[in-house]
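# Breakdown of the fold
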Amino acid sequence: MLNFGIIGVGRMGIIHAKNIYEGHLKDVHLQAICDIDKKVLTKCKRLFKKVNTYEKYEDMIANEKLDGVIIATPHYLHKDQAIYLINHGVNTLIEKPLYPNVNGIDEIIKKAANSKLVLGVSYNQRSNPLYKKAKELIEKGAIGKINYANFTITSWYRAQCYYNQGGWRGSWSGEGGGALINQCVHQIDILQNILGIPKSVLATCKTVNRNITVENDVLAILKYEDFNCTLLVSNHDLCGKTEFEISGDKGRITIDETSMLIQTHIDEKIVNRETTDGYGKCEVFKKKYSYGQTNISFDAKYGQQLHSLEKFRDAINKKGSVLATINEGLNAVEIINGIYLSSDNNKEIDLPVDRKEYKKFINKKMEEEKNVRR
Ligand SMILES: NC(=O)c1ccc[n+]([C@@H]2O[C@H](COP(=O)([O-])OP(=O)(O)OC[C@H]3O[C@@H](n4cnc5c(N)ncnc54)[C@H](O)[C@@H]3O)[C@@H](O)[C@H]2O)c1
C-alpha cells in the first residue's frame, strides 16, 4: 500500500482526494492533505475521516512519510512547490500546466536532472483512446505525409462568474495566461504529442466580452517543416466544439469529442498523375481508391484523472511510466508562450522561445495588470 498526500484541495484536488479515499485508486491510501484555506480543511476533515490535514505543505512533508504527492494548487505555485518536493526526495505528480512559463519549467527540469524520483504532469487527456489511436495510425503512415492540420477548440465556454470565483483566474500573475494555458493546454499537449513541436508560430490573441486581462480568443498558425497547423480557440462560444483534423497524402483523420473518422485513399500524388478527371471525383477513382471509412465511437470522457493517478502509482511501483514526464510537460507551454509572444509583438516567433524575451513579456504583463480593476 502506498501513502499519498495532496497539496491544494480545491476543484481538482478534491476529485483526486475522493478517488483515493473512496478506494478507486487501488493499493493507495490517502494519508494527508494540505490547503491554506481553513474552510477547505474543515470540509476535508468531515469528508475524509482519519486523513491528516495541514495548512502548510512544508509541515506535511516534515511529519508524514509519503510515497507520492499530487500538486493541485493554482498555476503560479507549481514551480516552488515542485522544487521543494524534489529537494525533499518526494515522488510528485503536478497538475497541468506544469508551470505557465518556459523559464519556470526550465528551473524544474534542471532541478530534476539525474533524479531517480517519479515526476509527472497530469495531462489526463493523453489517456483518451481516440488520440492514442490517431497517434498510432499516423506513425504507421496510415494517412501518408501530413499536408495540413487544424485544431478547433471552442468547447471550453467560460462565463465571467467563472473568472470571478478565484483571485488567480483570468490573470497573468495567477494563471499565467488565459484559455490557452488553462484549458487548451490539454489539447495543445495532444497536438504536440501527435505532430511534434512546430518550428515557429504566428498568432493573434484577443479578450472578448470578459473583464479579464488574458485571452479567451485565439487564432494561430503553427508552422512545421512541411505543413501548417491552424489553431482556433474561443472560450466564449456557446455552440463550441473540439475537433482535430489531420490531412495527409493518403487520407484524413478527424477526431471530435466522442468519435474518430478515418478516411484513407491511394496516394494523392498517384491520383494527380494518373486521373483524367481534373476534379478528383471520377467514378473509377472513387471505386478503386476510396476505402476504409471507419468510425470508432466510445466513451472517452470519464475517469481520465483517475487514470493519470494510476499511471503515477504504477511508475512508483516500477510497473510503468507516468502519463507525461516533466520534460514532455514543457512542450505545450513552449508553443503557448510562443503564441503569446507572437500576438504581443505582431510577428512570427521561432521555437523554442527566447527565454529572456519571454521573461520581459510576462513581467510587463504582470506590471500592466496591477493597474486594472476587476
Ligand atoms: N486535469 C484536469 O482536468 C484539471 C481540471 C481542473 C483544474 N486542474 C488544475 O488543477 C490545479 C488547481 O485548479 P483548481 O481548479 O482546483 O483551483 P482551485 O482554486 O479550485 O483550488 C486550488 C486550491 O489550492 C489551495 N491553495 C492555494 N495556495 C496554496 C498553498 N500555498 N498551499 C496549499 N494549498 C493552497 C486553495 O486554497 C484551493 O483550495 C490547476 O493547476 C488547474 O489547472 C486540472
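Being a predicted model, the structure only gives us computed values, none of them experimental.

### Some words on the overall build of the protein chain
- Tallying secondary structure elements over the protein chain gives 13 helices and 15 strands in all.
- Relative to the 2.2 N^0.38 estimate, which gives 21 Å for 374 residues, the radius of gyration of the protein chain is 22 Å and therefore close to what a compact globule would have.
- The dimensions of the protein chain, computed from C-alpha atoms along their principal axes, are 75 × 50 × 40 Å.
- Within the protein chain, the proportion of its 374 residues that are buried is 52%.
- Accessible area of the protein chain: about 18,100 Å², with a carbon and sulfur share of 49%.

### Focus: the environment of Phe 312
- Looking at where Phe 312 falls in the secondary structure, it is placed in helix H11 (residues 304-316).
- Note: C-alpha distance between Phe 312 and Val 121 (191 residues apart in sequence) is 9.3 Å.
- Look past the residues within four positions of Phe 312 in its chain and what remains in contact with it is Phe 4, Gly 68, Val 69, Asn 91, Thr 92, Leu 93, Val 118 and Val 322.

### Focus: the nonpolar core
- Grouped together as the largest cluster of nonpolar side chains are 84 residues, with contacts concentrated most on Leu 180, Leu 195, Leu 231, Phe 244 and Ile 339.
- Counting residues per element, this core draws most heavily on helix H8 (residues 179-195), at 10 residues.
- Taken together, domain 1 (2-125 + 303-324) and domain 2 (126-300 + 332-369) each give at least three residues to this core, which thus spans both.
- Ignoring sequence-local partners within four residues, the contact set of Leu 195 consists of Ile 146, Ala 149, Tyr 224, Phe 227, Cys 229, Phe 244 and Ile 246.
- Phe 4, Ile 6, Ile 316 and Val 322 belong to the second largest nonpolar core, which has 24 residues in total.

### Points about the site of the ligand
- In the vicinity of the ligand there are 27 residues, among which Arg 11, Met 12, Asp 35, Asn 124 and Gln 305 approach most closely.
- The fraction of the free accessible surface of the ligand (850 Å²) that becomes covered by protein chains is 86%.
- Secondary structure elements with two or more residues in the shell around the ligand: helix H1 (11-21), helix H4 (78-87) and H8.
- For the shell around the ligand, the domains that each give at least three residues are domain 1 (2-125 + 303-324) and domain 2 (126-300 + 332-369).

### Observations regarding the packing of helix H5 (residues 102-112) against helix H13 (residues 355-369)
- With their axes 9 Å apart at the nearest point, H5 and H13 run at an angle of 125° to one another. With respect to their mutual orientation, H5 and H13 come out oblique. Here H5 contributes Val 102, Asn 103 and Asp 106 to the contact with H13, which in turn contributes Arg 355, Tyr 358 and Lys 359.
- Looking at the contact of H5 with H13 residue by residue, the class counts come to two nonpolar, one polar and three charged.

### Details of the domain arrangement of the protein chain
- Taken domain by domain, the protein chain comprises domain 1 (2-125 + 303-324) and domain 2 (126-300 + 332-369).
- Each of domain 1 and domain 2 has a C-alpha centre, and the two are 29 Å apart.
- At the interface, 21 residues of domain 1 touch 28 residues of domain 2.
- Of the roughly 2,100 Å² buried between domain 1 and domain 2 on both sides combined, carbon and sulfur atoms contribute 54%.
- Taken as a group, Val 102, Tyr 123 and Gln 125 account for 34% of the area that domain 1 buries against domain 2, more than any other trio of residues on that side.

### Thoughts on the sheet that holds strand S6 (residues 119-122)
- Pairing is parallel in the open sheet, where six strands are placed in the order S3-S2-S1-S4-S5-S6. Sheet topology places strand S3 (52-54) and S6 at the edges, where each strand pairs with a single neighbour. The average undirected angle you get between the axes of adjacent strands in this sheet is 25°.
- Running over the sheet, H11 touches strand S1 (2-7), strand S2 (28-34), strand S4 (68-71), strand S5 (92-95) and S6 and is turned about 130° from S1.

### Let's talk about the pairing of strand S7 (residues 146-153)
- With six of eight residues buried, S7 is to be regarded as a mostly interior element.
- Two elements, S7 and strand S11 (residues 242-248), share seven bridges in a ladder whose sense is antiparallel. Residue pairing across strands places Ala 149 opposite Ile 246, the latter belonging to S11.
- The pairing of S7 with strand S10 (residues 228-234) spans six bridges and is classified as parallel. Within S10, the residue paired with Tyr 148 across the bridge is Asn 228.

Rules used in this analysis
- For every chain, the first residue of the written sequence is number 1, and numbering continues from 1 along that sequence.
- With pLDDT at 70 or above as the cut-off, local features in this predicted model cover only qualifying residues; side-chain atom pairs require 80 or more to be listed or tallied, and sums for whole chains, interfaces and linings still use all residues.
- Here the side-chain values reflect all heavy atoms present in the structure, with hydrogen atoms and water set aside.
- In this description a helix means any DSSP run of H or I spanning at least four residues, a strand means any run of E spanning at least two, and both kinds are numbered starting from the N terminus.
- Computation of the radius of gyration draws on C-alpha atoms alone. For the globule rule, the value is 2.2 Å times the number of residues to the power 0.38.
- For each residue, the accessible area found with a 1.4 Å probe, counting protein chains only, is set against the maximum for its type, and the residue is called buried under 20%, exposed over 50%, and partly exposed in between.
- Methods summary: accessible areas were calculated by the Shrake-Rupley approach with a probe of 1.4 Å, and residue burial reflects only the protein chains presented.
- By definition, residues are in contact when any of their heavy atoms lie within 4.5 Å.
- Side-chain atoms within 4.5 Å are what join buried Ala, Val, Leu, Ile, Met, Phe, Trp, Tyr and Cys residues into a set we call a nonpolar core.
- An automatic or database domain assignment supplies the start and end points of every domain.
- Neighbouring residues are identified by heavy atoms, a residue being near a molecule or strand if any of them is within 4 Å of it.
- A fitted line through C-alpha atoms serves as each axis, taken over the contacting stretch for helices, and the angle formed by two N-to-C directions is quoted from 0 to 180°.
- Throughout this description, any angle smaller than 35 degrees is read as roughly parallel, any larger than 145 degrees as roughly antiparallel, any in the 65 to 115 degree range as roughly perpendicular, and the remainder as oblique.
- In this classification, the charged set is Asp, Glu, Lys and Arg, the nonpolar set is Ala, Val, Leu, Ile, Met, Phe, Trp, Tyr, Cys and Pro, and all remaining amino acids, among them Gly, are polar.
- When two components associate, each loses some accessible surface as probed by a 1.4 Å sphere; the sum of these losses over both components is called the buried area.
- Strand pairing follows a simple DSSP-based rule, namely that at least 2 bridges must link the two strands.

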